[in-house]
Amino acid sequence: MSSAGTSVSPRLADIVGAEHVISDPARLASYEVDGKRPAAAIQAGSAAEVAEIVKFASAEKLAIVPCGARTKLGIGLPPLRYDLALDLTRLDRVVAYDPGDLTLSVEAGVRLGALAQTLSAHRQFLPLAAPFLNQTTIGGLIASGVDSPLRQFYGTARDFLLGLEFVTGEGITAKSGGRVVKNVTGYDLHKLMIGALGALGIITRLNFKTFPMPLHSRGFVARFPTAAPAFDLRNRITRSALTPLTLEIFSPHVAELFKNKAAADCDPEPMPAGVLSATEWTLSTGYAGNDQVLERFAVDLQRMAEEAGATGSAVLGDNLQPAWTRKREFIPIALASSPAAVIFKISVLPARMAEILAVAQQAAEVNALPRAVMARGVGIIYFAVLPAERNEETRQRVSYVAGAIHAACANLQGHSTVPWCPSEWKTSLQIWGPPRPDAALMQKLKQVFDPLNILSPGRFA
Amino acid sequence: MDSRLLHDLKSLLGAAAVLHRPEELLLYEYDGSVEVARPQCVVFPRTTADVLGIVKLANQYQIPLVGRGAGTGLSGGALARKGGILTVFSRMNRILEIDIENQRATVQPGVINSDLSAAVAHAGLHFAPDPSSQKACTIGGNVAENSGGPHTLAYGVTTNHVLALEVILPTGELLRIGSAALDPPGYDLLGLLVGSEGTLALITEITVKLTRLPEAVKTLLAIFETLDDATETVVEITSRGITPAACEMLDGWTLRAVEAYIHAGFPLDCAAVLLLEVDGLREAVDQHAEDVAAVCRAHHAREVRVARDAQERDLLWKGRKNAFGAVGRLSPTYYVQDGVIPRTKLPATLRHISAIGEKYGFQIGNIFHAGDGNLHPLILFDARDDAQFRRVIAASDEIIQFCIDMGGSITGEHGVGMEKDRLMPLLFSELELDIMRRVRDAFNPAGLLNPDKIFPTAKSCGEIHVQPLPLAGAPVA
């Protein structure tokens, strides 16, 4: 690989400048994906450079993995081939922001944290409270398809991504959608790029609808001896007129997890007392509105929590920040807390969450595997298995859990995937779940966008 | 048409489900647009198996195949442009499953939009997308066109509410795309299929999200003496971050047409009204309504009326949703545009549309989803007069070009169909159109399904000599 690096570097340097081609093995280490190191990393400075690089790679049959802050490159199967890392972090301009229209156009390498500051100057925001928030780029976030607690109210990126520009595997710069809030002109190709891990195109620019920031918000937590009544409260809330912004259910293990060093690294402020319990399940919900609305939420939530059998509940005020930060950063915190963290993403109908969770818990219990659970109100469960060791014996135990979860999910017409786990376990854990009926159609689309299979090859199957 | 095909279709579906005589086909030459195209036959499947059989026959006889719901579309999407078999889903109109607990419903494509909402109202739920034609249009058509409606401002368009589809590919494969559970792994094929205007697959089942009805609703009618005051109000409501459930505008001319028909109580002597709705928790709605009213007054609203009860509110909405019908009483034909602009450009755009009307000598009415920046200029004309029709198209193209110059788009909710295909090169380069064509071909390799839609045909392509735009938001060189 290093010889390929040496030979292609001068030609890549012609495109981006020598200072933006990295071929030094030590620096390339940080571009590794699943233990594979590319021959070179190229820091593109514009969409035009991205297109040039792809054309070059396509002529040379070099495989590219596009990347931003490289916080979520572990998602997906190991790339089949990986010659070039295409680093997009220099594409960091806010191209257009029209606060009056609540629309935004940004380059893919813009950091989410920096963008939040730009928007907050106009009391606006993007409802993407995603993990790795302080590092992650907007392009990486969209390409990885990772969700956020705010989806309870605002939906996911597919609900507010208005359009994007991307470069195909043939080096064609193309766009889809636009920058107006309503648009049915042409196929919604931009939706295809969400969560596609760069396999259909390299995202270079994204257009979003922005949202007004709520003036006042509060949180509410209720604690329960077991998971079932916590899910019962979730059901009561969604049946009511209340429309909270976030709604998560945490297992008792999360209290411990959120006190560890990784958690402190993501937010140095200590967790406020009374938010999570080390012995009980917690439902945590956030909401916004005027004073009367906040009062209504507090009264109704407290009443519903009592009806559901909560052992305690509390309205949280302004001291919430650390709790919210940790909730957002559940995944990185879980990943940092075990040498072999395996995080399942389970999706079922909301009313079946308690049922599938019981299966997962039972399988982990039987295999003596520590775990932590964050369930979103919309029907998504992050089930983190946190073994103390990374070895073959552990893999077998985790594999048993994966089998149980996949089977139970399939029975419920749900989905189970493993976005995060040790690289060497990916195949045996069946990280994309059971085979899918639309796999052939996906393959045909891959052919359209990337006929030579040089963009993130092999990450889906 | 081939008598063997006719025979095969009748054997498959029964004679009562196949129309082929010229007088029977007449009705199916039209949809809600000004386009005309006659199918060779019209068939009415009742089951997924029927549709599979139809697709197989279309392949066997290599004849075009077009899906159609109620035919209320406004871009010719459901017309058989190249003839062939028009498959009308009106008899596949069963609601298959309602899951109140999970707020899901699964329906056949021919279910009428408002019928679904009516069926779940007892549980305090509804299907949020509400096109003005919702009492006639089908959910299958809504999915194909990614339909909008007044309340999509706060609730989102059809694509935001569809979770899964059962589809039949033009090659005859039956597939489920998406699922009632969220976040199916892999590429978002569902997002691609919704709004693909019937060019990728025929839809045989749809699973949607149901949305809780708001606890409280307030509907306001703000009356303005000038068009500018009304549009400036919309700009400020948007920029202040107030998101009403709906924000519709009717200009004075349209109002008078509507009032003569519906008697909704609209003022006859004003330049424009805004029909605004706020909803949510009781505790929020009063303040929300007051915030909206304050902006209206700050922009010289002559009066801000609040509907006193559900009856008054329904009457105002009846006026809005039947506006196209009201205009239809005044003119043999009208042409509706569907351009979208950034909301900040509303005042300039409305002034420009008015100038275009004067330039071409047409009455142009404006009734539209102001809060979304989705315009519906209505140009009245007589389609029997060819010269007039050509001038209408020229005026309409000028409006669309202005929308594009403002950073907008050519269609917000009506679709490209066969009406705006020739405008596609205004927004997309030939390379970009080629990618979309290849996506179509991946699903629809023989081009049998809904041919000659969305993409400019060789002829219409040559008629437009313009450079495509860069992605909206790009700095203008």
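Caption draft 1: Layout of the overall build of chain A. Counting its regular elements, chain A contains 16 helices and 19 strands. Against the 2.2 N^0.38 benchmark of 23 Å for 461 residues, chain A shows a C-alpha radius of gyration of 22 Å, consistent with a compact globule. Long-range pairs, those at least 24 residues apart, make up 74% of the contacts in chain A between residues at least 6 apart in sequence. Taken as two groups, the 45 positive and 41 negative side-chain charges of chain A have centres that lie 3 Å from each other.

Caption draft 2: Structural view of the sheet that holds strand β17 (residues 371-376) of chain A. Residue and element names in this part refer to chain A. The strand order across the open sheet built from 8 strands is β15-β12-β14-β13-β17-β18-β16-β19, with neighbouring strands paired in antiparallel fashion. Bordering the open sheet on either side are β15 (312-316) and β19 (415-420), each of which pairs with just one other strand. Along the sheet, successive strands turn relative to each other by an average axial angle of 20°, direction set aside. Across 3 bridges, strand β13 (residues 246-250) lies against β17 in antiparallel orientation. What sits directly across from E248, in β17, is R376.

Caption draft 3: Summary view of the sheet that holds strand β8 (residues 161-167) of chain A. Residue and element names in this part refer to chain A. If you walk across this open sheet you meet the 5 strands as β5-β6-β10-β8-β9, and the pairing is antiparallel. The open sheet has two edge strands with one neighbour each: β5 (94-98) and β9 (173-177). Averaged over all pairs of adjacent strands, the angle between strand axes in this sheet comes to 10°, irrespective of strand direction. Judged from the 5 bridges that link them, β8 and β9 form a sheet pairing that is antiparallel. Across the sheet, residue V167 finds its bridge partner in β9, namely T173.

Caption draft 4: Fine view of the state of the cysteines. Taken as a whole, this structure holds 0 disulfides over all chains when the rule is applied. Free of any disulfide, C409 of chain A has its nearest cysteine sulfur in C421 of chain A, 16 Å distant. Residue class for C409 of chain A comes out buried when judged on its relative accessible area of 0%. For the unlinked cysteine C296 of chain B, the closest cysteine sulfur is that of C247 of chain B, found at 8.1 Å.

Caption draft 5: Layout of the environment of V340 of chain B. As for its placement among the helices and strands, V340 of chain B is situated in the loop between β16 (333-336) and α13 (346-360). Classification of V340 of chain B as buried rests on a relative accessible area of 0%. Counting along the chain gives 64 residues from V340 of chain B to I404 of chain B, while the straight-line C-alpha distance between them is 8.2 Å. When sequence neighbours within four positions are dropped, the list of residues in contact with V340 of chain B reads V180 and K182 of chain A together with D372, G373, N374, C403, G408, S409, T411 and G412 of chain B.

Caption draft 6: A look at the interface of chain A and chain B. Each partner contributes residues to the interface: chain A has 76 residues there, and chain B has 86 residues. Looking at the side of chain A facing chain B, the largest losses of area belong to K175, K182 and Y187 of chain A, adding up to 15% of the total buried there. Applying the counting rule to chain A against chain B returns 10 salt bridges. Across the pair R438 of chain B and E170 of chain A runs a salt bridge whose closest N-O atoms are separated by 2.8 Å. A total of 7 residues in the side of chain A that touches chain B trace back to one element, the largest contributor, which is helix α16 (residues 439-449) of chain A. Of the residues in the side of chain A that touches chain B, the class split is 36 nonpolar, 19 polar and 21 charged.

Caption draft 7: How the structure looks around the packing of aromatic side chains. One pass over the structure, following the stated rule, counts 16 aromatic pairs over all chains. An angle of 70° between the planes, with centres 6.4 Å apart, marks the rings of F258 of chain A and F330 of chain A as edge-to-face. Residue F258 of chain A is located in the loop between α9 (253-257) and α10 (261-266), and its partner F330 of chain A is located in helix α13 (residues 330-336); the two are separated by 72 residues in the primary sequence. Summarising the burial analysis for this pair, F258 of chain A and F330 of chain A share the class buried. Arranged with centres 4.4 Å apart and planes meeting at 5°, the rings of Y287 of chain A and F297 of chain A form a pair that is stacked. Here the residue Y287 of chain A occupies a position in strand β14 (residues 281-288), and F297 of chain A occupies one in helix α11 (residues 291-308), the gap between them amounting to 10 residues. Assigned by exposure class, Y287 of chain A and F297 of chain A land together as buried. Through a chain of ring-to-ring contacts, the aromatic side chains of F125, F153, Y154, F160, F208 and F211 of chain A assemble into a single cluster. Sitting over the face of the ring of Y31 of chain A, R70 of chain A holds its NZ or CZ atom 3.7 Å from the ring centroid. Directly above the aromatic system of F44 of chain B lies the positively charged group of R91 of chain B, at a separation of 4.4 Å from the ring centroid.

Caption draft 8: Layout of the packing of α16 of chain A against helix α16 (residues 430-443) of chain B. Interaxial distance between α16 of chain A and α16 of chain B falls to 9 Å at its minimum, and their mutual angle equals 155°. Considering the angle they form, α16 of chain A stands roughly antiparallel to α16 of chain B. The two elements α16 of chain A and α16 of chain B cross, and the hand of that crossing is right-handed. Contacts from L441, K444, L445, V448 and F449 of chain A in α16 of chain A reach I435, R438, V439, A442 and F443 of chain B in α16 of chain B. Looking at side-chain class alone, the contact of α16 of chain A with α16 of chain B contains 8 nonpolar, no polar and 2 charged residues.

Caption draft 9: Inspection of the packing of helix α1 (residues 3-13) of chain B against helix α3 (residues 48-61) of chain B at higher detail. Residues and elements named next belong to chain B. Relative orientation of the contacting elements α1 and α3 amounts to 165°, with a least axis distance of 10 Å. It follows that α1 is roughly antiparallel to α3 by the angle criterion. Considering how the two elements wind past one another, α1 and α3 form a crossing that is right-handed. Where α1 abuts α3, its residues R4, L5, D8, L9, L12 and L13 lie against D50, G53, I54, L57, Q60 and Y61. Among the residues forming the contact of α1 with α3, the class breakdown is 7 nonpolar, 2 polar and 3 charged.

Caption draft 10: Inspection of a nonpolar patch on the surface at higher detail. All names here are of chain B. On the surface, I95, I98 and I100 cluster together into a nonpolar patch covering about 190 Å² of accessible area. Looking at the element boundaries, I100 is found in the loop between β5 (95-99) and β6 (104-107). Overall, the relative accessible area of 32% leaves I100 in the partly exposed class.

Caption draft 11: Here's a closer look at helix α4 (residues 112-120) of chain A. Residues and elements named next belong to chain A. Among all positions in α4, only L112, G113, L115 and L119 are buried. The arc that holds the buried residues of α4, viewed along the axis, is 160°, so those residues lie on one side. Contacts from the buried residues of α4 go to β5, β6 (103-107), β7 (124-125) and α5 (138-144).

Criteria and cut-off values
- Residues numbered from 1 in each chain as written.
- Chains lettered and ligands numbered in written order.
- Predicted model: local features only at pLDDT ≥ 70, side-chain atom pairs only at ≥ 80, totals over all residues.
- Heavy atoms only, no water.
- Helix = DSSP H or I, 4+ residues; strand = E, 2+ residues; numbered from the N terminus.
- Rg over C-alpha atoms; globule rule 2.2 N^0.38 Å.
- Contact = heavy atoms within 4.5 Å.
- Lys, Arg positive; Asp, Glu negative; His and termini not counted.
- Charge placed at Lys NZ, Arg CZ, Asp CG, Glu CD.
- Pairing = 2+ DSSP bridges.
- Axes fitted to C-alpha atoms, helices over the stretch in contact; angles between N-to-C directions.
- Disulfide = S-S within 2.5 Å.
- Buried < 20%, exposed > 50% of the residue type's maximum accessible area, 1.4 Å probe, protein only.
- Buried area = accessible area lost by both parts, 1.4 Å probe.
- Salt bridge = Lys/Arg side-chain N within 4 Å of Asp/Glu carboxyl O.
- Nonpolar A, V, L, I, M, F, W, Y, C, P; charged D, E, K, R; others polar.
- Phe/Tyr/Trp six-rings, centres within 6.5 Å; stacked < 30°, edge-to-face > 60°.
- Lys NZ or Arg CZ within 6 Å of the ring centre and 35° of its normal.
- Parallel < 35°, antiparallel > 145°, perpendicular 65-115°, else oblique.
- Left-handed = near helix turned anticlockwise from the far one by under 90°.
- Patch = residues over 30% accessible without salt bridge, like charges linked within 9 Å, V, L, I, M, F, W, Y side chains within 5 Å.
- Areas by Shrake-Rupley, 256 points an atom, 1.4 Å probe, with all protein chains shown as cover.
- Arc of directions from axis to C-beta.

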